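Listed below are the residues making up each chain.
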Amino acid sequence: MKPLSYIIPALVCILFYSCNPKPENVHNNDEWPNIFPDYKEVTIPANIAPLNFNVENAEAVVAELIGDDGSKISAAGDYADFDIDSWHQLTYNNIGKKISVSVIAKINNSWQKFRDFNIFVSGDSLNDYGLTYRLIPPGYQTFAHIGIYQRNIHNFDEEAIVDGTSIQGQCMNCHVPNHANPDEFQLHVRGQHPATLVRHGGKDKLLQTATDSTIANCMYAYWHPSGKYIAYSLNLIHQTFFEDSAKYIEVYDNASDALILDVEKDQLILYDKLMTENFESYPVFSVDGNSLYFCSSKPYVLEGRLDKMRYSLLRVSFDSSTGKIGNDIDTIINAETSNVSITHPRPSYDGKFIMFSQASYSVFPIHHTEADLYLMNLSDSTIRPINEVNSQYAESFHNFSSNSRWFVFNSRRVNQINNLLFISHIDENGNCTKPFLLPQKNPKEFYDNFFFSYNVPDFTIRKVELDMRQFADDIFHKQRIQVGTRRN
């Protein structure tokens, strides 16, 4: 009698082949398969969730993955659904190598064997836990379905950090960890009970950031690497809707300033140079903490000229021991002479690059089809469009992984309606790879029925821990700490 250890694999094999499609009379097709998502020739980290895919118009799919080391896995059914443990064993076995993907699909009652394609497994790891992001429904007239979520990128697990059902009538936005570390974290709640949650030194506190000396609550945020400061912009946001379906909305500021929060003293540090008649926005610290980058536009919007609303990229020195900025402000990219608008600068954590969004105008390029991602090399100040990543549709809000070898960004390229998340590899010289859509268990079923947009994605090295029930109770009942102000 054979031992049980032999019987179980045999039964599994029998069940697999009896329950899954069996290709017959297969015809060769020299073309690549039309798969969704388009994972052909992408570069991935070894521990990403399986790149399951659907074949367009296929009645059945059989896929086989063969690594350079000779190991292989397969999937058969309505779509290519790979076992997660087998997938990770295959990818880890082929770090720095490639995996060949063979696809046979039954289309119009005919089996076709398509041209093989490759998936490249990078030698650079992506060990961050996952991604945080805001999900926004298409109408966003109410806050009930808006929330901050996190996704384990090594599998398909997603959960709410805080959502509109837990704090009804409030809006959540602008959540930011400190260099992907959720031990220092902040997010805003808007509505009748506004507050800014700041997590620092192992404690959470709720701040009231509106003061008599400022135009609004704090909004767009970025942590100083020391954790002692958060750079903010204060934005009076307005939206204009158009009848033209190709250009249906413009989001812009009626006014904006930049300042810095002293986290330990609960004080907003006000600077005359960052609170001018111009519109200052999107401040970020350099990786060494000695500079503050920000975007600035002349107040054309006050003249009704939204199409002239172009933001330059500026830089000023910062002294973390005193909280003071320098006397001179350097212009890194001049919007007036370059005739473009620069927004959402993000330094890589290795100090090599700054990535930013560039559009013909606007402070909020998420609705601009011409918006693309650009990369500045800080060693020689050269700037280039990331053509390996950009599409003919809007690319925007982006952030680096903790090791700076990967970045996530928003794109409308899939259906031109939803902003979806793509991930790309970037090497130490700034070369980027073809991006891949955030994996889902059944991608076509998921994305065809997904009516939300991802917003302000960011990596976290660990899961964000927040007691949603306690947080909701605090929002409605806990007293805020009123921030003070000082001028430097």
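For every chain, the first residue of the written sequence is number 1, and numbering continues from 1 onward in sequence order. In view of the model being predicted, local features appear only for residues whose pLDDT reaches at least 70, and side-chain atom pairs are presented and counted only at 80 or more, with totals across whole chains, interfaces and linings using the full set of residues. Excluding hydrogens and water, the side-chain figures rest on all heavy atoms present in the structure.

Turning our eyes to something else, we now look at the overall build of the protein. When helices and strands are counted, the protein shows 5 helices and 35 strands. In this treatment the radius of gyration is a C-alpha quantity, and the globule benchmark scales as 2.2 Å times the residue count to the 0.38 power. Against the 2.2 N^0.38 benchmark of 23 Å for 488 residues, the protein shows a C-alpha radius of gyration of 24 Å, consistent with a compact globule. When the backbone C-alpha atoms are referred to their principal axes, the protein occupies close to 80 × 50 × 45 Å. Here's how the labels work: a residue is buried when its accessible area is under 20% of the maximum for its type, exposed when over 50%, partly exposed in between, all with a 1.4 Å probe on protein chains only. In the protein, which comprises 488 residues, the share counted as buried stands at 56%. Excluding contacts between residues fewer than 6 apart, the proportion of contacts in the protein whose partners are at least 24 apart in sequence is 58%. Carbon and sulfur atoms form 48% of the exposed surface of the protein, whose accessible area is close to 21,000 Å². Across the protein, 41 positive and 58 negative side-chain charges occur, with their mean positions spaced 2 Å apart. In this text, helices come from DSSP runs of H or I with a minimum length of four residues, and strands from runs of E with a minimum of two, each type numbered from the N-terminal end. Only heavy atoms enter the contact rule, under which two residues are in contact if any of them lie within 4.5 Å. The method behind every accessible area is Shrake-Rupley, applied with a 1.4 Å probe, and residues are considered shielded solely by the protein chains displayed. Neither His nor the chain termini are counted; the positive set is Lys and Arg, and the negative set is Asp and Glu. To locate a charge, take NZ of a lysine, CZ of an arginine, CG of an aspartate or CD of a glutamate.

So, about the layout of surface pockets. In this approach the atoms are scanned with a rolling probe the size of a water molecule, which exposes any empty space left behind. Two kinds of site are reported from a 1 Å grid over the protein atoms alone, namely cavities, where a 1.4 Å probe fits but cannot get out, and pockets, open sets with protein on both sides within 12 Å along at least five of seven lines, and residues are called lining when an atom falls within 4 Å of a point. Grid points are joined across faces, edges and corners, and a volume is the space filled by probe spheres set on the points. The computed volume of the second largest pocket comes to approximately 220 Å³. Every residue lining the second largest pocket is listed: Phe36, Pro37, Asp38, Glu388, Val389, Arg413, Val414, Phe422, Lys434, Pro435 and Leu437. Tallied by class, the residues present in the lining of the second largest pocket amount to 7 nonpolar, no polar and 4 charged. Amino acid classes used here: Ala, Val, Leu, Ile, Met, Phe, Trp, Tyr, Cys and Pro are nonpolar; Asp, Glu, Lys and Arg are charged; the rest, including Gly, are polar.

Turning to the confidence of the model for the protein, a few remarks are in order. Each residue carries a pLDDT score, the predictor's own confidence in it, on a scale running from 0 to 100. Taken as a whole, the protein shows an average pLDDT of 92; of its residues, 93% reach a score of 70 or greater. Confidence drops under pLDDT 50 across residues 1-18; counting only partners more than four residues distant or on other chains, this segment forms 5 contacts.

Once that is clear, we can look at helix H5 (residues 468-477). By the burial criterion, the buried members of H5 are Phe471, Ala472, Asp474 and Ile475. Here the buried residues of H5 occupy an arc of 160° about the axis, which is enough to place them on one side. Away from its buried face by more than 90 degrees, H5 exposes Arg469 and His477. In the core, the buried residues of H5 are packed alongside strand S12 (158-163), strand S14 (181-190), strand S15 (195-200) and strand S16 (203-208). Its side-chain oxygen 3.2 Å from the backbone nitrogen of Arg469, Asp467 forms the N-cap of H5. Directions are taken from the helix axis to each C-beta atom, and the arc is the one they span. N or O atoms within 3.5 Å of each other form a polar contact, as long as, within protein, one can give a hydrogen and the other can take it, and as long as residues adjacent in sequence are counted only when both atoms are side-chain atoms.

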